[in-house]
Amino acid sequence: MVENSLSSASITSNLGTHFIGQRVIYYPSLTSTMEVARQEAQLGAVEGTVIIADEQTAGRGRIKRVWLSPKGSVALSIILYPSVVNLPSLIMLASLAVVHSIEAVTGLKPQVKWPNDVLVNDRKVCGILIESSVRGNIVDYAIIGIGVNVNLRLSGFPEIQSTATSLSAELGRDAPRLRIIRQLLVEVERLYLALQAGGSIYEEWQDNLVTLGRRVQVKSGKTIYEGVAESVTKDGSLLLRHSNGNLSKIVAGDATLRD
Ligand code: BTN
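Conventions adopted
Going along each chain's sequence as written, the residues are numbered from 1 onward. Residues qualify for local features only when their pLDDT is at least 70, as the model is predicted, and side-chain atom pairs are given and counted only at 80 or more; totals for whole chains, interfaces and linings, by contrast, use all residues. The basis for the side-chain values is all heavy atoms of the structure; hydrogens and waters are excluded. Strands qualify as paired when DSSP identifies two bridges or more between them. What counts as a helix is a DSSP run of H or I of at least four residues, what counts as a strand is a run of E of at least two, and both are numbered from the N terminus. Any residue with at least one heavy atom within 4 Å of a molecule or strand is counted as near it. Nitrogen and oxygen atoms within 3.5 Å of one another constitute a polar contact, given that in protein one can donate a hydrogen and the other can accept it, and given that sequence-neighbouring residues count only through two side-chain atoms. Only the protein chains shown count as cover for residues, and all accessible areas are computed by the Shrake-Rupley method using a 1.4 Å probe. Definitions used for this entry: grid spacing 1 Å over protein atoms alone; cavity, a set of points where a 1.4 Å probe fits but cannot get out; pocket, an open set with protein on both sides within 12 Å along at least 5 of 7 lines; lining residue, one with an atom within 4 Å of a point. Placement in a cavity or pocket follows one criterion, namely that more than half of the molecule's atoms lie within 2 Å of its grid points. Here the axes come from fitting lines to C-alpha atoms, over the contacting stretch only for helices, and the angles between their N-to-C directions go from 0 to 180 degrees. Contacts: residue pairs with any heavy atoms within 4.5 Å of one another.

Q: Explain the pairing of strand 10 (residues 238-241) to me, please; I cannot follow it from the model alone.
A: Here strand 9 (residues 223-232) pairs with strand 10 via four bridges, running antiparallel. Its bridge partner being in strand 10, Val228 is matched across the sheet by Arg241. Hairpin connection of strand 9 to strand 10: five residues between the antiparallel strands, including Gly236 at a positive phi of 95 degrees. Hairpin remark: strand 10 followed by strand 11 (residues 247-250), antiparallel, with five residues in the connecting loop; positive phi at Gly245, about 95 degrees.

Q: So what exactly am I meant to see when it comes to the site of the ligand here?
A: Of all residues adjacent to the ligand, which total 21 residues, the nearest are Ser32, Gln56, Arg60, Arg62 and Lys124. Within the contact set of the ligand, an oxygen atom lies 2.6 Å away from a backbone nitrogen or oxygen of Arg60. With the chains in place, 99% of the 420 Å² that the ligand exposes on its own is no longer accessible. Here the ligand occupies the largest pocket. Looking at the shell around the ligand, the elements that each hand over two or more residues are helix 2 (33-42), strand 3 (74-80), strand 6 (123-135) and strand 7 (138-148).

Q: Help me understand the sheet that holds strand 7, please; the structure alone is not making it clear to me.
A: In sheet architecture, strand pairing relies on hydrogen bonds along the backbone and comes in two forms, parallel and antiparallel. Read across the sheet, seven strands follow the order 1-2-3-7-6-5-4 without closing on themselves; strand pairing throughout is mixed. Whereas interior strands pair on both sides, the edge strands pair on one side only; in this sheet they are strand 1 (24-30) and strand 4 (111-113). The mean angle between the axes of side-by-side strands here comes to 20 degrees, regardless of whether they run parallel or antiparallel. Both strand 6 and strand 7 contribute to a ladder of ten bridges, which runs antiparallel. The residue bridging Leu129 from the neighbouring strand is Gly145, located in strand 7. In the packing of helix 2 onto the sheet, contacts are made with strand 1, strand 2 (50-56), strand 3, strand 6 and strand 7, and the angle to strand 3 comes to roughly 20 degrees. Here helix 5 (residues 177-196) sits on the sheet in contact with strand 2, strand 3 and strand 7, set at roughly 25 degrees to strand 3.

Q: It is not clear to me how unusual backbone geometry should be interpreted in this structure. Could you clarify?
A: Excluding glycine, residues mostly have negative phi values, and the peptide bonds linking residues are mostly trans. Cis geometry is found at the peptide bond from Trp114 to Pro115, where omega equals 0 degrees. With respect to the helices, strands and loops of the structure, Pro115 is situated in the loop between strand 4 and strand 5 (117-120). A positive phi angle, near 50 degrees, is found at Asn14, a position not held by glycine. Examined against the element boundaries, Asn14 turns out to sit in the loop between helix 1 (8-12) and strand 1. If you check the backbone angles, Lys64 has positive phi at about 60 degrees while not being a glycine. Mapped onto the elements of the fold, Lys64 is located in the loop between strand 2 and strand 3.

Put into structure tokens, the structure is as follows:
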């Protein structure tokens, strides 16, 4: 029987981190962990505070999409106060932390689809949302929101069945949710400290991108680009080669693998 009950204590106890996950606010059910995290950050919550819910009733995705997070999935937000230079790296940091923790706990081999979806066998298993408040060069706060389909039966969610997967679906058995959460917090702290110490996580992020060399369609605002994903820049932008030989630099968008 795989453990699956969550509590603040079960997450923080002997976690081994310095600050990420040392304060955890747990809710059995919540609209969105991003909402509470924003309120907490505005009140000056200690860095590394985690808001986690067993289930979200109004989970938010990127580009104003809805994020489904029923019981059995992981939905958490982490409050950080990074420098403005490190802000663009949070996308890379979060996706790498998810890749490492899923791999360490389950043995599966996840990959990152630009900019920050985590896939297993080309299907989405995790979404990441970064929200921040920035004034000039001052970052008031940044929140990393992470949603992982851990123990989710896709047959109950026809709207995402063709594009998404879950760890339990890939493993053929339930995955240990608490272990994945704890490993994720450890990985976020390790990468965040490395970043603060002047290290780069760009190369590692690039090495984990499933997108490079693939034919993709990218929706960025109202523009749709088609081409082959050639490389990514250090600020996280995608360089897309079109069939006429032209190159586009795309700062933000949503990529669909076409091959
Ligand atoms: C996406 O792929 O569109 C991003 C999904 C992000 C979902 C997470 S779940 C925890 C946090 N709370 C939310 O409402 N959204 C993020």
